[in-house]
Amino acid sequence: MVTRVMRLARSRSAVLAVYLAAVLGVGVWCTVGGPALLLAVLIAGIVLAACCTRMTLAGGVAVLVAGAGYLALALFVIIRVAPLPPIVVLVGLALAIAAGCTWVLMRHRAPWWSAEASADLCFASIGGVIWLLVMAGAQLLPSGTPFSWAMYGDAANNLLFARGLIEHGGIAFGPNENPVPLTATLIAVLMLPATVSERATVAQEVAALSQMWSAGIVLSCLACGVLVLAASTRRGALRYIGASISSLLPLSWLVLAGALELGFVNFALALALIVCCLILVFPGTAGLTVRLTTLTILVTLVLAVWSPLAAVPGAAIAVVAVSERHEVAAIRGARLATIAIGVAQAVAFFVALPLPSLFSQGDALSEATGAVLRFPAWLLGMAVGGAALSGILYTRLARGPGVRVVVVAVAGGALGLGVLLWLRRGEEGLWAYYQVKMLWLLIAFYLVVSVALAVSAAASLRRRDVTRGAVFSVALLFALGLGENSRSVEEDYRSNAQLQAAPLVRPLLGQFFVDGYGDRFFERVTALTDAPSASILWRTGDPDEAAINFWIIQMLSSRVDNDELRTYAYVRDPDSVEELCRIRALMGPPVIVWTADSVTAEEVEANCADLGPVRLVG
């Protein structure tokens, strides 16, 4: 027996030594331009393994998601005060985390991982695996768009914010700063290796954006899947099927199609964070101190990604504290101090960034305009009703905290939406850009809650009778019905054939922009923006000329607050040579004008020849 234990210890030591060597090697590679995503994946694996020695897989996933986001924010706070290159700080943090998790695993005598945990992870992550396979197919197929899919709408703004974080040395706090820096921070982390020797190219920046967005989609799929694992009280085939179905919900048309079409990079990330809040409502997922502390971290992260949703983790803290009040009252010493520090950091972040921004930029929440899918408001009522019914069924059939979960989801969502609607008081209509976007996100959130609790209720029943099949079938029908009704959006989008297509098919078939086949849009944009001399298209006959110029103007803006130039990315007169000359002047000459119209070429030469040459195409 002693010999067997010694052999096990030696084999563990060997595995961990190889792992640490791999982390060190990848870390050194990052300092010379290697992929930061690979380093992140290596760290995520050992963090999850270390977490699962002390909590369930569901709890470990929630802690992993919260920890990853918080460390990204911490990295760019440290960069602002530490006189060290950002990539050195990143690699140093990664090595410290790897060493700490290795120490935890070495001290843990029981097996680190089990066959059950492997099965749980496989089924709960099936949605994320499918998305990664789609990305691999987009890379391999001639028609695929491995990068163009991430270049719609608000995506360019996120890149500018990420670029600003790197160029200005970290997160800036104050009334006129970006109040929701998490999305840009995560993109900037993946951009860091490309900035070691010089500024990253636009191609490298878009690659980092697509990687971060894919990571957010994968994490949202994983979080939705493990929500079923946290809720299910019995193991079995139905539990795994339910986890798989829930994991696929972030890939549905309701959740993913509009986000891809409008460039809402933070949509999947926000969904992952608030689903993790629900996971931590279940007492069995982790210890009380860990759950409460993690929820305080999630408050900070949700404030940093989509502030009105911070009411969800806030509601989760309140519900856990009330429902487990006797256990909370017994917390003393270091455990109490840990929770207090968690609360303090959330309050400090709110006071340092979102609150000043609310006073200085609060009008934007009520007056902002922009493209968004305008789902009918009754869909929210349908989603809330489904969530409430599922919570009651789960509480009665599985004897679990289903009502608590629904209270957190509905109360938190109602408070966040209520604040946004209150900001519209006195206006002509309640539903402006941010209010409609919040409505959409809540419909998607309540869809996940409804399906996860219903399938968990069915999977938790002891008897294999008609009740299990009925509950499971109703959950699937509800998901399909809500998904189909969600297509009843405004007329402009109902006639958009690309938007109406299945979101998983579009990256494989190149269904982005007018001529997106084979990632041509990405190639045309990066060829122009990364060239030695700046360029702009004007009457070239390119079907995507407007979108290409949008990206050119955005990416050649010196900073995110360069409002005069960036306004031309959205609004410009394609027949005005005067505007063209003004754009060239703001971009910084020399700027090459590419045109297929000889008259335009002559007019440009006559009006602003000193701003750069004109080239005829075709």
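Residues numbered from 1 in each chain as written. Predicted model: local features only at pLDDT ≥ 70, side-chain atom pairs only at ≥ 80, totals over all residues. Heavy atoms only, no water.

Caption draft 1: View of the overall build of the protein chain. Scanning the protein chain from terminus to terminus reveals 29 helices and three strands. For the protein chain, whose C-alpha radius of gyration is 25 Å, the value lies close to the compact-globule estimate of 25 Å for 618 residues. Projected onto the principal axes, the alpha-carbon positions of the protein chain cover approximately 85 × 55 × 50 Å. Within the protein chain, the proportion of its 618 residues that are buried is 54%. Of the contacts formed within the protein chain by residues at least 6 apart in sequence, a portion of 75% connects residues at least 24 apart. (Helix = DSSP H or I, 4+ residues; strand = E, 2+ residues; numbered from the N terminus. Rg over C-alpha atoms; globule rule 2.2 N^0.38 Å. Buried < 20%, exposed > 50% of the residue type's maximum accessible area, 1.4 Å probe, protein only. Contact = heavy atoms within 4.5 Å.)

Caption draft 2: Layout of the state of the cysteines. Taken as a whole and judged by the stated rule, the model has one disulfide. Residue pairing for Cys581: its cysteine sulfur links by disulfide to Cys608, the two sulfurs lying 2.1 Å apart. The sign of the -70 degrees torsion about the S-S bond sets the Cys581-Cys608 disulfide as left-handed. Highlighted residues: Cys581 in helix H28 (residues 577–587) and Cys608 in helix H29 (residues 598–608), separated in sequence by 27 residues. Here Cys581 falls in the buried class, since its relative accessible area comes to 11%. (Disulfide = S-S within 2.5 Å.)

Caption draft 3: Looking closely at the pattern of salt bridges. All chains considered together, the criterion is met by 12 salt bridges. The salt bridge involving Arg235 is made with Asp120; its shortest N-O contact spans 2.9 Å. Taken together, the residues span a long stretch of sequence, with Arg235 in the loop between helix H9 (202–231) and helix H10 (237–248) and Asp120 in helix H5 (residues 115–124) at a distance of 115 residues. Classification of Arg235 by relative accessible area gives partly exposed; the value is 38%. A salt bridge links Asp544 to Arg524; the shortest N-O distance between them is 3.1 Å. Placement of Asp544 in the loop between strand S1 (534–537) and helix H26 (545–555) and of Arg524 in helix H25 (residues 520–529) is noted, with a sequence separation of 20 residues between them. (Salt bridge = Lys/Arg side-chain N within 4 Å of Asp/Glu carboxyl O.)

Caption draft 4: Quick look at the environment of Ala115. By the secondary structure assignment, Ala115 is in helix H5. According to the relative accessible area criterion, Ala115 is exposed, its value standing at 65%. For the pair Ala115 and Ala409, spaced 294 residues apart in sequence, the C-alpha separation works out to 32 Å.

Caption draft 5: Just the nonpolar core, in detail. Formed by 213 residues in total, the largest nonpolar core has its most connected members in Phe76, Leu309, Phe445 and Trp551. The element contributing the most residues to this core is helix H20 (residues 433–460), with 22 residues. Beyond its immediate chain neighbours, meaning those up to four positions away, Phe445 contacts Leu271, Ile274, Val275, Leu278, Val312 and Ala409. (Core = buried A, V, L, I, M, F, W, Y, C linked by side-chain atoms within 4.5 Å.)

Caption draft 6: Inspection of the pairing of strand S2 (residues 591–595) at higher detail. Judged by how many residues are buried, S2 sits mostly within the fold: four of five residues are covered. When S2 meets strand S3 (residues 614–616), the two strands line up parallel, connected through three bridges. Bridged to Val593 within S3 is Val614. After leaving S2, the chain enters H29 and then returns to the sheet as S3, a path that is right-handed. (Pairing = 2+ DSSP bridges. Right-handed = clockwise from strand over helix to strand, strands pointing away.)

Caption draft 7: Just the packing of helix H3 (residues 57–81) against helix H4 (residues 86–107), in detail. The contact between H3 and H4 brings their axes to 10 Å, and the two run at 135 degrees. The angle between the axes of H3 and H4 places the two elements in the oblique class. You can see that H3 and H4 cross each other, and the crossing is right-handed. Mapping the contact onto sequence places Leu71, Leu75, Ile78 and Ile79 in H3 and Pro86, Val89, Leu90, Leu93 and Ile97 in H4. Broken down by class, the residue content of the contact of H3 with H4 amounts to nine nonpolar, no polar and no charged. (Axes fitted to C-alpha atoms, helices over the stretch in contact; angles between N-to-C directions. Parallel < 35°, antiparallel > 145°, perpendicular 65-115°, else oblique. Left-handed = near helix turned anticlockwise from the far one by under 90°. Nonpolar A, V, L, I, M, F, W, Y, C, P; charged D, E, K, R; others polar.)

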